[in-house]
Amino acid sequence: MPTDPNRRPALSSRMVQRILLGLYRWKGWKIEGRRPDCEKFIILGAPHTSNWDFVFFLGAANQLGIKPSFMGKTSLFKWPMTNFMLDMGGVPVDRTKRGKYVDQVAAAFEASDELALVIAPEGSRTFKGGWRTGFYHIAMAAGVPIVPAWVNNKTMRGGMGEAMMPTGDYRADLAHLAAFYREKRPDCDRFVALEKSAQTLEEMKGDS
């Protein structure tokens, strides 16, 4: 259910977006990087340690000329929230269909002319030493690149790296992503753990 690019967002949606972008500017984040040279891609948002991360990635994407989208369970898209969720970039996913959500998101990519889907690979702010593999399965199924994005709320800096097409070798691709994040945040314990996880990974698991 991709958003109709010709439909003007509702007033309430525009107001919420303005408030969030105002908060982004008020916080004074500085960003690095540029917009990928493609129309469809997955943005990896890491590390996810604060509720401010959402505001940063929304503002940074807007500053780079990107319209970010996110996945949400279908129940959040029911009336009267349907138009608001779509205006905000929501992509509805039926999580009750076990193992099928990857196909649903891949179909959304196929049906869209533009789609920049933001995913927090850690799954939540609670870090368990590794990343969920859902983002990789989606990228492979949709045939879209992965764009690593990072934030440091202490220094108020963040940015995006170069787009990377998944090769099918999850261990090698994860090691490549881990090296990028370690370069940007060498002091981040989560990325140290991610690098070690990539080095010892034996095979891609089907978790999400």
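Here, the structure is the one placed above.
Residues numbered from 1 in each chain as written. Predicted model: local features only at pLDDT ≥ 70, side-chain atom pairs only at ≥ 80, totals over all residues. Heavy atoms only, no water.

K.L.:
Account for the packing of helix H4 (residues 101–111) against helix H5 (residues 134–142), with residues named and values stated.
P.N.:
Between H4 and H5, whose axes approach to 9 Å, the crossing angle comes to 50°. With respect to each other, H4 and H5 are oriented oblique. The interaxial crossing formed by H4 with H5 has right-handed handedness. Between H4, through Tyr101, Val102, Val105, Ala106 and Phe109, and H5, the contact on the second element is made entirely by Gly134, His137, Ile138, Ala141 and Ala142. Here the contact of H4 with H5 is built from residues that sort into eight nonpolar, two polar and no charged. (Axes fitted to C-alpha atoms, helices over the stretch in contact; angles between N-to-C directions. Helix = DSSP H or I, 4+ residues; strand = E, 2+ residues; numbered from the N terminus. Parallel < 35°, antiparallel > 145°, perpendicular 65-115°, else oblique. Left-handed = near helix turned anticlockwise from the far one by under 90°. Contact = heavy atoms within 4.5 Å. Nonpolar A, V, L, I, M, F, W, Y, C, P; charged D, E, K, R; others polar.)

K.L.:
Hey, could you go over the pattern of salt bridges for me, with residue numbers and the actual values?
P.N.:
One pass over the structure, following the stated rule, counts seven salt bridges. With its nearest N and O atoms 3.2 Å apart, the salt bridge here joins Asp37 to Arg34. Each of Arg34, Asp37 and Glu162 takes part in one network of salt bridges that share partners. (Salt bridge = Lys/Arg side-chain N within 4 Å of Asp/Glu carboxyl O.)

K.L.:
Report on the packing of aromatic side chains, specifying residues and quantitative values.
P.N.:
As enumerated under the stated definition, the model contains twelve aromatic pairs in all. Ring geometry for Trp131 versus Tyr181: centroids 5.5 Å apart, planes at 80°, classification edge-to-face. In this pair, Trp131 sits in the loop between strand E5 (115–119) and H5 while Tyr181 sits in helix H6 (residues 170–184), placing the two residues 50 residues apart along the sequence. Judged by relative accessible area, Tyr181 falls into the buried class, the value being 0%. Ring-pair connections join several aromatic residues into one group, and the members of that group are Trp131, Phe135, Tyr136, Tyr170, Phe180, Tyr181 and Phe191. Residue placement shows Lys27 over the ring face of Trp29; its charged tip is 6.0 Å from the ring centre. (Phe/Tyr/Trp six-rings, centres within 6.5 Å; stacked < 30°, edge-to-face > 60°. Buried < 20%, exposed > 50% of the residue type's maximum accessible area, 1.4 Å probe, protein only. Lys NZ or Arg CZ within 6 Å of the ring centre and 35° of its normal.)

K.L.:
Which residues make up the sheet that holds strand E3 (residues 68–73), and what values go with them?
P.N.:
One open sheet accounts for seven strands, arranged E1-E7-E6-E2-E5-E3-E4; its pairing is mixed. In this open sheet, the two edge strands, each paired with only one partner strand, are strand E1 (30–32) and strand E4 (90–93). For this sheet the average axis-to-axis angle between neighbouring strands, irrespective of direction, equals 30°. Relative to E5, E3 runs parallel, the two being bridged by two bridges. Considered in E5, the bridge of Pro68 is made with Ala116. Docked against the sheet, H4 engages strand E2 (40–46), E3, E4 and E5, running at close to 140° with respect to E4. (Pairing = 2+ DSSP bridges.)

K.L.:
Can you lay out the pairing of strand E6 (residues 146–152) for me, pointing to particular residues and giving the numbers?
P.N.:
Of all seven residues in E6, seven are buried; the element is thus mostly enclosed. Both faces of E6 are covered, namely the face carrying Ile146, Pro148, Trp150 and Asn152 and the face carrying Val147, Ala149 and Val151. In this structure, E2 lies alongside E6, joined through five bridges in parallel fashion. Across the sheet, the residue bridging to Gly45 is Ala149, located in E6. Bridge count for E6 against strand E7 (residues 157–160) is four bridges, and the pairing is antiparallel. For Asn152, the partnering residue across the bridge sits in E7 and is Arg157.

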